Amino acid sequence: MPSLPWSDIDTVLLDMDGTLLDLHFDNHFWLEHLPQRYAELHGVSRAMADMELQPLFERHAGQLQWYCLDFWSAELKLSVRELKLETAHLIALRPDADTFLQAIKKAGKRVIMITNAHRDSLSLKLERIELAPYFERLISSHDYGYPKENPQFWDALQADIDFDPARSLFIDDTLPILRSAREFGVTHLLAVKEPDSRKGPKDTAEFAAVEDYRDLIRGL
């Protein structure tokens with residue numbers, strides 16, 4: 001991991017799930033817990049639940065409704081928020097993410113969370129992991145009506161917080177989102193090597209990736 005040019009960075013934009021928090025919670029919930037509970041609540045087999053859910057997930061991936069708990073609660077006829085509470089013990093910080101947050105805040109950087117997470121999901125996680133004090137703003141893409149994959153999200157973010165993309169660092173674990181940020185002009189971009197602690201390293205394609213947050217604060 002090369003040292004970041006911190007003197008050229010004023011604003012740090014950070015994703016939440018898979019970047020600051022272990023993606024294991026979300027992957028377990030959507031791929032295991034929700035299908036199992038859907039099967040139980042609707043009186044179908046787990047195999048049938050998977051057959052019904054998979055096409056729905058694929059159809060809406062990368063769109064705003066994919067991240068919307070209200071949408072899925074209505075679509076699946078169950079309370080997604082209540083089901084998330086059943087696995088909330090799995091919500092966990094990625095190693096040394098808090099050390100990184102403390103360091104960049106102390107260094108006087110402008111620190112803003114930008115997440116596709118629905119406000120209900122964001123609240124659930126902030127109840128368990130104390131992240132809010134590190135940030136100037138906690139922005140959900142639902143506030144703007146566009147997911148981070150969409151160029152219009154970045155226009156809305158610019159209008160809202162008036163940041164300089166050329167002097168900003170953005171860290172996210174999703175490649176299409178990083179490419180969307182690059183297209184907007186964000187200069188300093190980092191992926192996450194292992195967003196889910198149970199799944200091992202992933203290919204981050206053309207992006208350098210965070211492996212250890214302590215490495216990022218060298219030279220800060």
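Source: prediction; values computed, not measured.

> I'd like a description of the nonpolar core, backed by residues and values.
Core analysis: the largest hydrophobic core is formed by 33 residues, its most contacted members being Leu14, Leu101, Phe135 and Ile171. Looking at this core, the elements that each hand over two or more residues are strand E1 (11-14), helix H5 (97-106), strand E2 (110-115), helix H6 (119-128), strand E4 (168-171), strand E5 (188-192) and helix H9 (213-216). Looking at this core, the element that brings in the most residues is H5, giving four residues. By size, the runner-up hydrophobic cluster in this structure holds 20 residues, among which are Phe153, Phe170, Val186 and Ala191.

> Describe unusual backbone geometry, naming the residues involved and giving the relevant values.
With a phi close to 65°, Asp96 is a non-glycine residue in the positive phi region. Structurally, the position occupied by Asp96 is in the loop between helix H4 (80-85) and H5. Even without being glycine, Asp162 reaches a positive phi, approximately 50°. Relative to the assigned elements, Asp162 resides in the loop between helix H7 (151-161) and E4.

> Residues and numbers for the environment of Arg110, please.
Checked against the element boundaries, Arg110 lands in strand E2. If we skip the residues at most four places from it in the chain, Arg110 touches Asp10, Thr11, Val12, Glu136, Ile161, Asp162 and Phe163. In this structure the side chain of Arg110 is engaged in a polar contact, spanning 3.0 Å, whose partner is the side chain of Glu136. At 2.8 Å, the side chain of Arg110 forms a polar contact with the backbone oxygen of Ile161.

> How would you explain the sheet that holds E5 if you had to name every residue and give the values?
With respect to topology, six strands assemble into an open sheet ordered E3-E2-E1-E4-E5-E6, the strand pairing being parallel. For this open sheet the edge positions go to strand E3 (137-140) and strand E6 (209-210), each flanked by a neighbour on one side alone. Both E1 and E4 contribute to a ladder of four bridges, which runs parallel. When the sheet's bridge partners are listed, Leu14 is paired in E4 with Ile171. Where H5 meets the sheet, its contacts fall on E1, E2 and E4, and the angle it forms with E1 comes to roughly 155°. Packed onto the sheet, H6 meets E2 and E3 and runs at close to 140° relative to E3.

> Got a sec to walk through the side chain of Asp17? Specific residues and values, please.
In this fold, Asp17 is placed in the loop between E1 and helix H1 (24-42). On the accessibility criterion, Asp17 (14% relative accessible area) is buried. Here Lys125 takes part through its side chain, which lies 2.7 Å from a polar atom of the side chain of Asp17. If we skip the residues at most four places from it in the chain, Asp17 touches Leu23, Asp26, Thr115, Ala117, Lys125 and Asp173.

> Please give an account of the packing of aromatic side chains that cites residues and values.
If you walk through the whole model with that rule in mind, you get 15 aromatic pairs. The interplanar angle of 45° and the centroid separation of 6.5 Å between the aromatic rings of Trp6 and Phe100 together place this pair among those described as tilted. Linking Trp6 in the segment before E1 with Phe100 in helix H5, this pair joins segments that are 94 residues apart in sequence. Residue class for Trp6 comes out buried when judged on its relative accessible area of 4%. When its relative accessible area of 0% is taken as the criterion, Phe100 is described as buried. An angle of 80° between the planes, with centres 5.4 Å apart, marks the rings of Phe57 and Trp66 as edge-to-face. Take Phe57: its relative accessible area is 7%, and that puts it in the buried class. In this structure, Lys84 is placed above the aromatic ring of Phe29, and the distance from its NZ or CZ to the ring centre is 5.5 Å.

The rules behind each value
Residues numbered from 1 in each chain as written. Predicted model: local features only at pLDDT ≥ 70, side-chain atom pairs only at ≥ 80, totals over all residues. Heavy atoms only, no water. Core = buried A, V, L, I, M, F, W, Y, C linked by side-chain atoms within 4.5 Å. Buried < 20%, exposed > 50% of the residue type's maximum accessible area, 1.4 Å probe, protein only. Helix = DSSP H or I, 4+ residues; strand = E, 2+ residues; numbered from the N terminus. Contact = heavy atoms within 4.5 Å. Polar contact = N/O pair within 3.5 Å; in protein donor to acceptor, adjacent residues only side chain to side chain. Pairing = 2+ DSSP bridges. Axes fitted to C-alpha atoms, helices over the stretch in contact; angles between N-to-C directions. Phe/Tyr/Trp six-rings, centres within 6.5 Å; stacked < 30°, edge-to-face > 60°. Lys NZ or Arg CZ within 6 Å of the ring centre and 35° of its normal.

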